[in-house]
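Chain by chain, the residues run as shown.
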Amino acid sequence: MPNQSITRVNGRVIANAHVTSSYYSKNSLGKLTDKNFVESMLKTKPDQYDKVMLRLFTDTRLYSNDLLDLVMKNGKPFMVNDPNGVFTYKIKKRAELPKIIANFATTVARPGIDGQEFEIVFDKQGFVVNDIISAHRYEQETLVQIVSEPERYQNGFKYRCRAVAASSTDFVNQRFLVIGTEYFKVGNVLGEFTTSFSSLGLFDGHLEVMADVLSQYGVEHTITDWADATKLGMQTDATGNPMDLTYYTLTDPTAEAEKTKIVGWEPTVSRLLRMEMMRMKANMIMWGRQGQTKDERGRSTRMKQGLWQQLHLGNIIQYDRGQFSLNLIRTAIGDLFYNRVLIADRKVKVYTNRAGMELASTAIKKDFNSANFMVSADKFMDGKDRLKQGYAFQFDHYMTTETGPVEFVELEQLNMHATFLELGPNKKTPPIFIVLDVSGQEDSGIREVKLSTRPNMYYQYIPGSVGFGSQQTVIANKDPYSTYIMKDFCGVFLEDPTRTVIIKEYPRL
């Protein structure tokens, strides 16, 4: 593999991936030690292992996956202790207002008239004596006063009430006493000698949710003595030694003489195993489906939900081919933002694929043209020769009152197709639009799940009569092969699927 030099985001550090021979591991290089062995990172810094390896692979272009980048940047992983992957977590929930579950004044035409008291039952204990309550801030002219402490009544709490009347003929309209009507506390009333004050009221709480998303997976590779001795088709160095080591370096071009530091090394077969594990991890956390199955010996195992299946627990909008418009996003996002995020704080990031970027650009252009704007064409033209003119008039974001700024971001994981069946009629991956969080928070509302009692992507080696790098004098057994094994637990979960949206075409298979 040729050396790769890829400038990182900060423009200072360059990462390189090299392939060399294990013959030089303790000779010419002299820098491939136990300290910078990749597996040592796993043992010394297990919490940073995933991010370090993914960053290293991305910088050197050995492997890159924007979905894993997206998941891992959302704070610390959620650590669970149960290998089965079952755990509970809490999400914030607004306090539910007391709701009428029984009305003992249904036979009274004018409840509360002439100061008459009436009784209603709420599903929770939210009010105290002298509280003034209302069901509608705009339309309910006659408010209700609580005149007794709550009494337990079946599954609720019974209160005696009276109308807060401007005259003796005022009463509470029965439409505000219908079962299922919610009430909130406006305040309370105090006189000169009143001793009963109001309470703290209701508090926002948490909803405890159970999730089961952690899966175990692994890869193995066996190298026989015969294959190890064969050099046909194997990459070798100038002296014929097999190129069986991969090492990673960081170069600082701003330093004098461009100082190079070896930050890690591993057997090339280990690097290939690690890359395959990352591919499987990306597929499992995105496309995994929940279900029961069996292993090769008939023992029960379980598959867990990936991000795609969990998104379908949230809001799904489907449209016929050719019917996509910005109104779909306006309506969906606007409804979810309502009573959650202030208009000034609204901002949406829509993850999509290449077909979605094209469709969004076309929809924004159509919406722009329908507004009958007058634009100067020369601002969009380029070229000095009149016969060789070009223009650029494309869109990748827009802004509305309902949504705030809307940005479309291409997610490469959504571009990939494994089979031709996944392609649409035009041989493109069908457009998909995903909104992961509309809460106004910085993260995307998704968390990676790991097993706290096992290291991440841990690596094991079973030696036989032949081992890595050279023939062994003391062998574990007479088997003419050695086996590399790599295993991991991984999962991903949405903190609150109700804040997510999927917009997609009706499938055409």
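Located above this text is the structure these notes cover.
Engineer: Explanation requested: the packing of aromatic side chains in the structure shown.
Structural biologist: The relation between two aromatic rings is expressed through the spacing of the ring centres and the mutual angle of the planes. Tallied over the entire structure, the rule returns 11 aromatic pairs. For the pair Phe122 and Tyr159, a centre-to-centre distance of 5.7 Å together with 70° between the ring planes defines the contact as edge-to-face. Taken together, the residues span a long stretch of sequence, with Phe122 in strand S6 (residues 118-122) and Tyr159 in strand S10 (residues 156-164) at a distance of 37 residues. Relative to Tyr183, the ring of Phe122 lies with its centre 5.8 Å away and its plane at 75°, an arrangement referred to as edge-to-face. With Phe122 in strand S6 and Tyr183 in the loop between S10 and strand S11 (184-188), the pair connects residues that are 61 residues apart, well separated along the chain. With a relative accessible area of 0%, Phe122 lands in the buried category. Exposure remark for Tyr183: the relative accessible area of 0% places this residue in the buried category.

Engineer: Looking at this structure, I do not really get the side chain of Arg346. What am I missing?
Structural biologist: One can find Arg346 in the loop between helix H7 (326-337) and strand S19 (348-352). For the buried residue Arg346, which engages in no salt bridge, the nearest side chain bearing the opposite charge is Glu402, 7.0 Å off. Here the side chain of Arg346 touches Glu402 through a polar contact of 2.8 Å, landing on its backbone oxygen. Beyond its immediate sequence surroundings of up to four residues, Arg346 is in contact with Phe337, Tyr338, Val341, Thr401, Glu402, Thr403, Gly404 and Pro405.

Engineer: When you look at the environment of Leu311 in this model, what are you seeing that I'm missing?
Structural biologist: Examined against the element boundaries, Leu311 turns out to sit in helix H6 (residues 307-311). A sequence separation of 191 residues divides Leu311 from Ile502, and the C-alpha atoms of the two residues are 7.1 Å apart. When neighbours within four sequence positions are excluded, Leu311 is seen to be in contact with Ile434, Leu436, Leu494, Thr500 and Ile502.

Engineer: Can you walk me through unusual backbone geometry in this structure?
Structural biologist: With glycine set apart, most residues show a phi of negative sign, and most peptide bonds adopt trans. Despite not being glycine, Asp114 has its phi angle at roughly 55°, a positive value. When you line up the elements, Asp114 lands in the loop between strand S5 (100-103) and S6. In this structure, Asn130 is a non-glycine residue whose phi angle is positive, near 80°. Turning to its location among the elements, Asn130 is positioned in the loop between S6 and strand S7 (131-134).

Engineer: Please clarify how the pairing of strand S27 (residues 481-494) should be interpreted in this entry.
Structural biologist: Successive side chains on a regular strand alternate, one facing one side of the sheet and the next facing the other. Counted residue by residue, S27 has 12 buried out of 14 residues, so it is predominantly covered. As paired elements, strand S13 (residues 215-224) and S27 share 10 bridges and run antiparallel to each other. Paired with Ser215 across the strands is Cys490, a residue of S27. In the sheet, strand S25 (residues 446-451) pairs with S27 via four bridges, with the strands oriented antiparallel. Within S27, the residue paired with Ile446 across the bridge is Leu494.

Engineer: Mind showing me how you'd approach helix H8 (residues 354-370) here?
Structural biologist: Since there are 3.6 residues in each turn of an α-helix, residues three or four apart along the chain are aligned in direction. Compared with the 24 Å implied by 1.5 Å per residue over 17 residues, the 25 Å span of H8 between its first and last C-alpha is a close match. Considering only its buried residues, H8 is in contact with H7, S19, strand S22 (397-400), strand S23 (404-410) and strand S24 (432-435). Two residues or fewer after H8 comes Asn372, characterised by a positive phi angle close to 60°.

Engineer: Would you mind going over the pattern of salt bridges with me for this structure?
Structural biologist: It is possible for side chains of opposite charge to pair when their charged atoms get near one another. In this structure the tally under the stated criterion is 13 salt bridges. As a salt-bridge pair, Glu276 and Arg279 come within 3.2 Å of each other at their nearest N and O atoms. On the criterion of helical spacing, the pair formed by Glu276 and Arg279 is a turn pair, its members being three residues apart in helix H5 (residues 268-287). Among the charged side chains, a network of salt bridges with common partners joins Glu117, Arg160 and Arg162.

Engineer: Explain the sheet that holds S19 to me, please; I cannot follow it from the model alone.
Structural biologist: Two pairing modes exist for strands in a sheet, parallel and antiparallel, and in both the strands are linked by backbone hydrogen bonds. With respect to topology, six strands assemble into an open sheet ordered S18-S28-S24-S19-S23-S22, the strand pairing being mixed. At either end of the open sheet lies a strand with only one pairing partner, and these are strand S18 (315-319) and S22. Across the sheet, the mean angle from the axis of one strand to that of its neighbour is 20°, orientation sign disregarded. The pairing of S19 with S23 spans five bridges and is parallel. When the sheet's bridge partners are listed, Tyr351 is paired in S23 with Val409. Each of S18, S19, S22, S23, S24 and strand S28 (501-505) touches H7; the most contacted strand, S28, lies at about 160° to it.

Engineer: Sorry, what's going on with H7 here?
Structural biologist: Here H7 spans 16 Å end to end across 12 residues, near enough to the 16 Å set by a 1.5 Å rise per residue. Inspection of H7 places Leu326, Ile329, Arg330, Ala332, Ile333, Gly334, Leu336 and Phe337 among the buried residues, and these make up the whole buried set. Just downstream of H7 lies Asn339, where phi reads positive at about 65°.

Engineer: Would you take a moment to explain the nonpolar core for this structure?
Structural biologist: When a protein is soluble and globular, its nonpolar side chains tend to lie buried together. Grouped together as the largest cluster of nonpolar side chains are 31 residues, with contacts concentrated most on Leu307, Leu311, Ile434 and Ile446. Mapped onto this core, the elements with two or more residues apiece are helix H3 (66-72), S13, H5, H6, S24 and S27. With seven residues, the single largest contributor to this core is H5. Contacts of Ile434, omitting those with residues within four sequence positions, involve Met286, Trp308, Leu311, Lys349, Val350, Tyr351, Leu414 and Val501.

Criteria and thresholds
- Residues numbered from 1 in each chain as written.
- Predicted model: local features only at pLDDT ≥ 70, side-chain atom pairs only at ≥ 80, totals over all residues.
- Heavy atoms only, no water.
- Phe/Tyr/Trp six-rings, centres within 6.5 Å; stacked < 30°, edge-to-face > 60°.
- Helix = DSSP H or I, 4+ residues; strand = E, 2+ residues; numbered from the N terminus.
- Buried < 20%, exposed > 50% of the residue type's maximum accessible area, 1.4 Å probe, protein only.
- Lys, Arg positive; Asp, Glu negative; His and termini not counted.
- Salt bridge = Lys/Arg side-chain N within 4 Å of Asp/Glu carboxyl O.
- Polar contact = N/O pair within 3.5 Å; in protein donor to acceptor, adjacent residues only side chain to side chain.
- Contact = heavy atoms within 4.5 Å.
- Pairing = 2+ DSSP bridges.
- Expected span 1.5 Å × (residues − 1).
- Axes fitted to C-alpha atoms, helices over the stretch in contact; angles between N-to-C directions.
- Core = buried A, V, L, I, M, F, W, Y, C linked by side-chain atoms within 4.5 Å.

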